[in-house]
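If you want the building blocks of each chain, they are given just below.
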Amino acid sequence: TGTEEQATAAASGAAATERFRSKERAGAVDVDTARVNTLVTELLTAAHDIVRRHQVTYAEYDALKAWLIQVGADGEWPLFLDVWLEHVVEEVANDDRLGSKGTIEGPYYVPDSPRFTGGEGALPMRADEGGTPLLFQGRVTDVDGAALAGAEVEMWHADDDGLYSQFAPNLPQWNLRGTVVTDAQGCFRIHTVQPAPYQIPTDGSCGRLIAAAGWHAWRPAHLHLKVSAPGRQRVTTQLYFKGGSHVADDVASAVKPELILDPTPTADGSGSEVTYDFVLDRV
Ligand code: MBD
Ligand code: FE
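Residues numbered from 1 in each chain as written. Chains lettered and ligands numbered in written order. Predicted model: local features only at pLDDT ≥ 70, side-chain atom pairs only at ≥ 80, totals over all residues.

Engineer: I keep staring at the overall build of the protein and nothing clicks. Help me out?
Structural biologist: A tally of regular secondary structure across the protein gives six helices and 14 strands. Here the C-alpha radius of gyration of the protein, 20 Å, is about what a compact globule of 283 residues would show, namely 19 Å. Here the C-alpha coordinates of the protein stretch approximately 65 × 55 × 35 Å along the principal axes. A burial count over the protein gives 32% of its 283 residues as buried. Counted over contacts in the protein with a minimum sequence separation of 6, partners at least 24 positions apart contribute 76%. (Helix = DSSP H or I, 4+ residues; strand = E, 2+ residues; numbered from the N terminus. Rg over C-alpha atoms; globule rule 2.2 N^0.38 Å. Buried ≥ 20, exposed ≤ 12 C-beta atoms within 10 Å, placed from the backbone. Contact = placed C-beta atoms within 7 Å.)

Engineer: I tried to follow the packing of helix H1 (residues 9-21) against helix H4 (residues 77-84) on my own but got confused; where do I start?
Structural biologist: How two helices pack is summed up by the angle between their axes together with the distance between the axes. Orientation of H1 relative to H4, taken along the N-to-C sense of each, is 80°, at an axis distance of 8 Å. Comparing the axis directions of H1 and H4 gives the class roughly perpendicular. Here Gly13, Ala16, Thr17 and Phe20 of H1 lie close against H4, whose contacting residues are Trp77, Pro78 and Leu79. When its residues are assigned to classes, the contact of H1 with H4 shows five nonpolar, two polar and no charged. (Axes fitted to C-alpha atoms, helices over the stretch in contact; angles between N-to-C directions. Parallel < 35°, antiparallel > 145°, perpendicular 65-115°, else oblique. Nonpolar A, V, L, I, M, F, W, Y, C, P; charged D, E, K, R; others polar.)

Engineer: What exactly am I supposed to notice about the site of ligand 1 here?
Structural biologist: The environment of ligand 1 is made up of Leu79, Asp82, Val83, Ile104, Gly106, Pro107, Tyr108, Tyr198, Arg219, Ala252 and Ala254. Of the residues forming the shell around ligand 1, the biggest block, three residues, is contributed by H4. Here the residues of the shell around ligand 1 are counted per class, giving eight nonpolar, one polar and two charged. (Near = placed C-beta within 6 Å.)

Engineer: What exactly am I supposed to notice about the pairing of strand E10 (residues 235-241) here?
Structural biologist: A regular strand carries its side chains on alternate faces of the sheet. Within E10, six of the seven residues are buried, which leaves the element mostly enclosed by the surrounding structure. Pairing geometry for strand E9 (residues 222-228) and E10, over six bridges, is antiparallel. Counterpart to His224 in the pairing with E10 is Gln238. The antiparallel pairing of E9 with E10 creates a hairpin that spans six residues between the two strands, and Gly231 there sits at a positive phi of about 75°. When E10 meets strand E11 (residues 260-261), the two strands line up parallel, connected through two bridges. (Pairing = 2+ DSSP bridges.)

Engineer: What's the story with the nonpolar core in this structure? I'm lost.
Structural biologist: Soluble globular proteins: nonpolar side chains tend toward being buried together. Core analysis: the largest hydrophobic core is formed by 46 residues, its most contacted members being Val140, Val153, Met155, Ile190, Val227 and Leu280. With four residues, E10 is the single largest residue contributor to this core. Excluding residues that lie within four positions of it along the chain, Val153 makes contacts with Val140, Thr179, Val180, Thr182, Phe188, Ile190, Leu225 and Val227. (Core = buried A, V, L, I, M, F, W, Y, C linked by C-beta atoms within 7 Å.)

Engineer: Explain the confidence of the model for the protein to me, please; I cannot follow it from the model alone.
Structural biologist: Low pLDDT marks stretches whose predicted atomic positions should not be read closely. Here the protein averages 96 in pLDDT, while 97% of its residues score no lower than 70. Complex prediction metrics read pTM 0.95 and ipTM 0.97. (pLDDT = per-residue confidence, 0-100.)

This is how it looks when you write it as structure tokens:
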């Protein structure tokens, strides 16, 4: 019609920035003076070294300054940081954790999604939701193999157009977001649809950086998950699809070999299914 709201970098950036501001840990940072001194001094020293080694010009310095200002104006700091820095923070944070591998959370998690008890649920979706139906099922245990009943398996993912509800216009609030609580055996079954690959918005600052540097803007299709149970460490992870585009060259560097699914067609030909189990370490 021409009046329909389009997904824009600035709108999804503003929503991601607002989401980050409202999360518990965001306001409560209190880092030790000596630690700030060490980290910021080393970061600046690395930048000084780059300027000297590459003879950075005033034109380049001004391009950097303009770009940094615009990242904030576009609300794209959450996107920028989660795409290009979070993977190393996650690696360091979970280095010695037992059980299921995790990976980055990214900018589009929203807590308190619709909850389904009894071990089974279908993520909220539109009547005409695109994408192949997918049954994602498995079991949650502790590191000794004991079933974790009442564990929460939170899932959120992009739709068949690569868009996330609450960060793109015209999607139902909880589209493709839900929490399934495991049954007495620790089992869960989640009915959803296959997501599409995600493209970093091309009309924002992250997109301009990608174009300027000659990179690509793609993440492989992925399911986001948080799996938690009382007295266990919560796992934040993502799962990818074997043979999918950009599994081998994710712009966010968040793929690990343990995180690749290989769904099989369902017997009745209606979609595909895959089993994936989670193991949660002690706190
Ligand atoms: C995503 O969907 C995502 O998962 C990450 C990590 C960054 C940008 C978009
Ligand atoms: Fe994502």
